[in-house]
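Reading the structure
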Amino acid sequence: MSRSKPPYKYDRCGHWWYVWKMEYFENAEHGEKASGDLTFEEARKETYRLNGWTYTEPKTKK
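Residues numbered from 1 in each chain as written. Predicted model: local features only at pLDDT ≥ 70, side-chain atom pairs only at ≥ 80, totals over all residues. Heavy atoms only, no water.

Some points on the nonpolar core
If you look at the biggest cluster of nonpolar residues, it comprises five residues: Tyr8, Trp17, Val19, Leu38 and Ala43. Setting aside chain neighbours within four positions, we find Val19 in contact with Tyr8, Lys9, Tyr10, Glu32, Lys33, Ala34, Ser35, Leu38, Ala43, Glu46, Thr47 and Leu50. (Core = buried A, V, L, I, M, F, W, Y, C linked by side-chain atoms within 4.5 Å. Buried < 20%, exposed > 50% of the residue type's maximum accessible area, 1.4 Å probe, protein only. Contact = heavy atoms within 4.5 Å.)

Laid out in structure tokens, this is it:
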């Protein structure tokens, strides 16, 4: 599967971030929550892990 249509995505729902397990159709996509109540960085990190991508920690500001 290409990176443009990954099996997992992260997105905001209210003020929480979730990881979504995606299904793709010809003209639509559907996601089911795979995990929830995460911070932005936790959701990003989990999405990278599930997709088999290399995660790098964000650079901290000094």
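Structural notes on the pattern of salt bridges
Should their charged atoms come close, side chains of opposite charge can pair. In total, this model carries four salt bridges according to the counting rule given. The salt bridge involving Glu29 is made with Lys9; its shortest N-O contact spans 3.2 Å. Separated by 20 residues along the polypeptide, Glu29 in strand β3 (residues 29-38) and Lys9 in strand β1 (residues 8-13) bring together distant segments of the chain. For Glu29, a relative accessible area of 46% puts it in the partly exposed group. Judged by relative accessible area, which is 27%, Lys9 ranks as partly exposed. Between Lys45 and Glu57 there is a salt bridge; the shortest N-O distance is 3.7 Å. (Salt bridge = Lys/Arg side-chain N within 4 Å of Asp/Glu carboxyl O. Helix = DSSP H or I, 4+ residues; strand = E, 2+ residues; numbered from the N terminus.)

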